[in-house]
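# Summary of structural features
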Amino acid sequence: MDFSNTWFIIDRNKQHEVISHEDLVKLESHSYTLLQNFKSHQDAMTEMSQLVRQNITAANQKINHVKSEH
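I will try to describe carefully the structure that is included in this document.

What counts, and where the lines are drawn
Residues numbered from 1 in each chain as written. Predicted model: local features only at pLDDT ≥ 70, side-chain atom pairs only at ≥ 80, totals over all residues. Heavy atoms only, no water. Pairing = 2+ DSSP bridges. Helix = DSSP H or I, 4+ residues; strand = E, 2+ residues; numbered from the N terminus. Salt bridge = Lys/Arg side-chain N within 4 Å of Asp/Glu carboxyl O. Contact = heavy atoms within 4.5 Å. Expected span 1.5 Å × (residues − 1).

Moving on: the pairing of strand β2 (residues 15–20). Relative to β2, strand β1 (residues 7–12) runs antiparallel, the two sharing six bridges. Bridging across to β2, Ile10 finds its partner in Glu17. Taken together, β1 and the strand that follows it, β2, pair antiparallel across an intervening segment of two residues, in which Asn13 is found at a positive phi of about 55°.

Time to look at the pattern of salt bridges. Opposite charge on two side chains permits them to pair, given that their charged atoms come into close proximity. Tallying each qualifying case throughout the model produces two salt bridges. With a closest N to O distance of 2.8 Å, Glu17 and Arg12 form a salt bridge. The residue Asp23 makes a salt bridge to Lys26 at a minimum N-O spacing of 3.7 Å.

Tracing the chain through its elements places Leu51 in helix α2 (residues 41–69). Between the C-alpha atom of Leu51 and that of Gln36, which follows or precedes it by 15 residues, the distance is 11 Å. Setting aside anything within four residues of it in sequence, one finds Leu51 in contact with Ile9 and His16.

Moving on: α2. The end-to-end C-alpha distance of α2, which contains 29 residues, comes to 42 Å, matching closely the 42 Å that a straight helix rising 1.5 Å per residue would cover. Those residues of α2 that are buried lie in contact with β1, β2 and β3 (33–38).

If you want it as C-alpha cells, here you go:
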C-alpha cells in the first residue's frame with residue numbers, strides 16, 4: 001500500500017494533529033496515538049475540525065454542570 005499521500009490524525013501530548021505520512025514516520029512510535037488516516041489533507045482537516053468541535057462541546061457541558069452545582 002502506498003502511504004506517500006496519506007494523512008493521519010494523531011493524538012500527541014493530549015492534542016489532535018494532522019500529519020503527513022512523511023512526518024509520521026519520523027516520530028517515535030510511543031510518542032503518539034494514531035486515530036485515523038485519510039486520502040487527502042482536506043479530509044483529515046475536516047475530521048479534526050469535527051473532533052475539536054466535539055471537545056469544545058464536551059468541555060462546555062462540564063463547565064455548565066459545575067456551574068449548576070454551585
